[in-house]
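Remarks on the overall topology
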Amino acid sequence: MARSLTAMASPHLASLLPYSPGKPIEEVEREFGVAGAAKLASNENPFGPSPLAVKAIREAAAGVHRYPDGAGTVLRARLAEHLGVEAVQIALGNGSNELLDLVARIFLEPGDEAVMASPAFIVYRMACQALGASAVEVPCRDFVHDLEQMAAVVTSRTKLVFVGNPNNPTGTAVSPAALEAFVRRLPQEPLLILDEAYWEFLAEPERPRSLDWVREGRRCFVLRTFSKVYGLAGLRIGYGAGPPELIGLLDRLRAPFNVNALAQVAGAAALEDGAHVARTVAGTAAGRAALAAGLTALGFPPLSSVTNFLLVDVRRDGAAVTEALLRRGVIVRPMGGYGLPTHLRITVGTPDENARVLEALRAVLAA
Ligand SMILES: Cc1ncc(COP(=O)(O)O)c(C=O)c1O
């Protein structure tokens, strides 16, 4: 008898669970009979996409019968200029998530190790597990990467080191000085993946010199995304800056047209939209303060965050609270999958959305 497809699949998939994304608004509205649901579950930009990007998408729409530029030449050149690196140091991805996945596939085999924090973005661990490599997870200290310990567990089998800075789901960042010391302490061989998806939300003094390390030719791959501050999550586009040798390896493995044509023009336009970035950063900081104050007033002070989301311990089953909030049309993310069963991660929304989640939480947590 033929084996089941699961039996035929790579054995490394056996212990993997699918990534659990935030529920789509339409699904919640249908399932719970609510209108105007507030989605605060995926750290998206609640203020919308860059208007310049929307204009560029409109103008490019009539050309989508053609394949995109497979090399993303224009966007890579703009990014190189924007970041102060060479175009040969830039890779584009279908979301930075694709680059995380590709880099794991390039390097990891069974027996290899990748060092990461816990909790950190769950995709680091999933990408390793899918390849049968060992994810060496180092517990955060007070919800911040314990870089000393992470450096201490690097062995000759370590090929990748993941640092999410700022980190998801904690919303914390390491100090630039601590990261600098970590980079200097790492042995030469492993590739450091610095995931900076929320970098634009950092205040100037909190920003590490990550791109300098790329310019200096260190083994460092800096990942950023158009999904967060630029408001283009639905287009799926992210990028990385790293050694040209790494970009070449990514070119071997990636799909021929991995970044679609609309994403390419939108990304280039969004990069020029400083006003939209500034509005988003300011609106996020104000909303984060209001949300944190409201949660604290309810008796549930969140962790101090430098990002567009807050991690809060509701001191009861987070999945049950999430379900009760869904009934009130508010979508947040329970953190059980991150080993934090009583925590919720709440994205900072518009002022109305922030008021709405606080109102719903007040009702749910009082019950
Ligand atoms: C830390 C971190 N890295 C990477 C990503 C992936 O972003 P994208 O694939 O949308 O660029 C996310 C998305 O939530 C994230 O939180």
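Residues numbered from 1 in each chain as written. Predicted model: local features only at pLDDT ≥ 70, side-chain atom pairs only at ≥ 80, totals over all residues.

1. A few points about the domain arrangement of the chain
Here the domain parsing of the chain yields domain 1 (22-48 + 275-366) and domain 2 (51-271). Here the C-alpha centroids of domain 1 and domain 2 sit 26 Å apart. In terms of residues, the side of domain 1 that touches domain 2 owes the most to one element, helix α12 (residues 274-297), which gives 5 residues. Taken together, the residues of the side of domain 1 that touches domain 2 sort by class into 11 nonpolar, 11 polar and 2 charged. (Domains from an automatic or database assignment. Helix = DSSP H or I, 4+ residues; strand = E, 2+ residues; numbered from the N terminus. Nonpolar A, V, L, I, M, F, W, Y, C, P; charged D, E, K, R; others polar.)

2. Considerations on the packing of helix α5 (residues 96-107) against helix α6 (residues 122-129)
α6 packs onto α5 with a crossing angle of 35° between their chain directions and a minimal axis gap of 9 Å. As for the relative orientation of α5 and α6, their crossing is right-handed in sense. Mapping the contact onto sequence places Asn97, Leu100, Asp101 and Ala104 in α5 and Val123, Tyr124, Ala127 and Cys128 in α6. Considered class by class, the residues forming the contact of α5 with α6 number 6 nonpolar, 1 polar and 1 charged. (Axes fitted to C-alpha atoms, helices over the stretch in contact; angles between N-to-C directions. Left-handed = near helix turned anticlockwise from the far one by under 90°. Contact = placed C-beta atoms within 7 Å.)

3. Thoughts on the environment of Val154
Position of Val154 among the secondary structure elements: in the loop between α7 (147-152) and β5 (158-164). For Val154, a count of 17 C-beta atoms within 10 Å puts it in the partly exposed group. As for Val154 and Leu186, which are separated by 32 residues in sequence, their C-alpha atoms are 7.9 Å apart. For Val154, the residues in contact, after removing those within four places along its chain, are Val115, Val161, Leu186, Pro187 and Pro190. (Buried ≥ 20, exposed ≤ 12 C-beta atoms within 10 Å, placed from the backbone.)

4. Comments concerning the sheet that holds strand β12 (residues 343-347)
The strand order β9-β12-β11 describes an open sheet built from 3 strands, whose pairing is antiparallel. One side of each edge strand has no neighbouring strand; the edge strands of this open sheet are β9 (309-313) and β11 (333-334). Of the pairings in the sheet, the one linking β9 to β12 comprises 5 bridges and is antiparallel in character. In the strand pairing of β12, Leu310 is matched with Ile346. The strands touched by helix α13 (residues 318-327) are β11 and β12; relative to β12, the strand with the most contacts, the crossing angle is about 40°. (Pairing = 2+ DSSP bridges.)

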